[in-house]
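Spelled out from the first residue to the last, the chains are:
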Amino acid sequence: MDDTSERYNLYLGLGLALSSSLFIGGSFILKKEGLLRLTGRSSVRAGLGGHAYLREWLWWAGLLTMGVGEAANFGAYAFAPATLITPLGALSVLVSAVLASYFLNEQLNVHGKVGCMLSILGSTVMVIHAPQEEEVTSLESMAEKLKDPGFIVFAVCVVVSSLLLIFVAGPRYGQSNVLVYVLLCSAVGSLSVSCVKGLGIALKELAAGKPVWNEPLGWVLLVGLVVCVSIQINYLNKALDIFNTSVVTPIYYVLFTTAVMTCSAILFKEWQHLVLMNIVGTISGFLTIVFGIFLLHAFRDVPFTPNLLPLFLRQGRTDARTAARRTGDKYPSCLHQPLLETEEVHKEAREKADIEGAQRL
């Protein structure tokens, strides 16, 4: 009966995480479409400090959709391991990229499509090898885990490193190094996920009719969540304002997911009962998602045309020089040249040698 209940909770959390990715990915499209409608009007755009988008119903629809997605994600942490839920957040990026190519006419090149496929495959591998966390069913058991010496050391390290990043590294290197603010958001984010996990347990107890309002731990977790999320929003906006989104997004995803997986492994002992095959599968799935997200963002603005293919893969093109003339390429890549020189090249070389010999005579 316990195994059936655990499996039901796992599938429920997985379903909530997938629906969360769909809602959050769709919310970006609705909000973007609402902002694009303002470009044809005389109102001040949001990037210049305007708030005309508040009168656009599509923007509000996107905000409502995002709220539904975040609520589903909040519930997912209450039923499934954070090591499984957090990496699946990458699917929202894929959903927004695919929908943007259809509804916003944004380009999704070959690299992006391959990245989407790799991320889906990596997510599937992680679901198959997902760790089963140690059972936590009450705030009392959550409090016992928070008193674990390993988690206390981890939390102290996160707080100290965050303070150093805010007051020491931030003023010096925050404008030039993307890792400063992203590391800060990732470290604090690991604690915010732990707070979300505890609050999810509190809500489950509240639904069961237990007097959760009298538990001080629930209020501590709520205050901790507000503080952590406020820090994340503040410094993530700074990173996005200074650096390119295609750089910040993959780095933040990798560091944030790694920090959450480390925190969850220490707090909930998720990796303690895993066999070697599941450990390798989980890590491999995560690295596959990372590579897919990298392909999706790093080469987002790189055009991929048939002219970039090797010569033997092109249709109707048998001469590399002809292909270079058609594209106007002054310096064709060596990858586009044939493996063996053609007869015309040898003939031109012989004629050139004959002319040079005649001039010497």
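Heads up: the structure comes first, above all this text.
Residues numbered from 1 in each chain as written. Predicted model: local features only at pLDDT ≥ 70, side-chain atom pairs only at ≥ 80, totals over all residues. Heavy atoms only, no water.

## Focus: the side chain of Gln232
What counts is decided by this rule: Runs of H or I in DSSP of at least four residues are treated as helices and runs of E of at least two as strands, each being numbered from the N terminus. Buried means the residue's accessible area, taken with a 1.4 Å probe over protein chains only, is under 20% of the maximum for its type, while exposed means over 50%, and partly exposed covers the values in between. Residue contacts follow a heavy-atom distance rule, with two residues in contact if any of their heavy atoms lie within 4.5 Å.
Of note, Gln232 is situated in helix H9 (residues 216–242). Under the relative-accessibility criterion, Gln232 is labelled buried at 11%. Those residues within four positions of Gln232 in sequence are excluded, and the remaining contacts are Cys185, Val188, Gly189, Ser192, Tyr252 and Phe256.

## Observations concerning a nonpolar patch on the surface
Under the convention used in this document: Distance thresholds for patches are 9 Å for like charges and 5 Å for nonpolar side chains (Val, Leu, Ile, Met, Phe, Trp, Tyr), applied to residues having over 30% relative accessible area and no salt bridge. Here the open area of atoms and residues is found with the Shrake-Rupley method and a 1.4 Å probe, where only the protein chains shown may cover a residue. In what follows, salt bridge is the name for a side-chain nitrogen of Lys or Arg lying within 4 Å of a carboxyl oxygen of Asp or Glu.
A cluster of nonpolar side chains, namely Ile152, Val156, Val159, Val160, Leu163, Leu164, Phe167 and Val168, defines an oily patch on the protein surface of about 710 Å² accessible area. Tracing the backbone through its elements, the reader meets Leu163 in helix H7 (residues 149–173). The exposure class assigned to Leu163 is partly exposed, which follows from its relative accessible area of 44%.

## Details of the layout of surface pockets
Here the idea is plain: a probe the size of a water molecule rolls over the atoms and shows the empty space left. The test is simple: Grid spacing is 1 Å over the protein atoms alone, the probe is 1.4 Å, and a cavity is where that probe fits but cannot get out, while a pocket is an open set with protein on both sides within 12 Å along at least five of seven lines and lining residues have an atom within 4 Å of a point. Grid points are joined across faces, edges and corners, and a volume is the space filled by probe spheres set on the points. Gly is put with the polar residues, along with every residue not named as nonpolar or charged; the nonpolar set is Ala, Val, Leu, Ile, Met, Phe, Trp, Tyr, Cys and Pro, and the charged set is Asp, Glu, Lys and Arg.
Here the second largest pocket defines a volume of roughly 320 Å³. Val159, Leu191, Cys195, Gly224 and Cys228 are the residues nearest the centre of the second largest pocket, which is lined by 17 residues in total. Elements that contribute at least two residues to the lining of the second largest pocket include exactly H7, helix H8 (178–207) and H9. In the lining of the second largest pocket, the residues fall into 14 nonpolar, three polar and no charged.

## Description of the environment of Ser92
Within the secondary structure, Ser92 sits in helix H4 (residues 90–103). Overall, the relative accessible area of 11% leaves Ser92 in the buried class. Those residues in contact with Ser92 that sit more than four places away from it in its chain are Ser21, Ile24 and Gly25.

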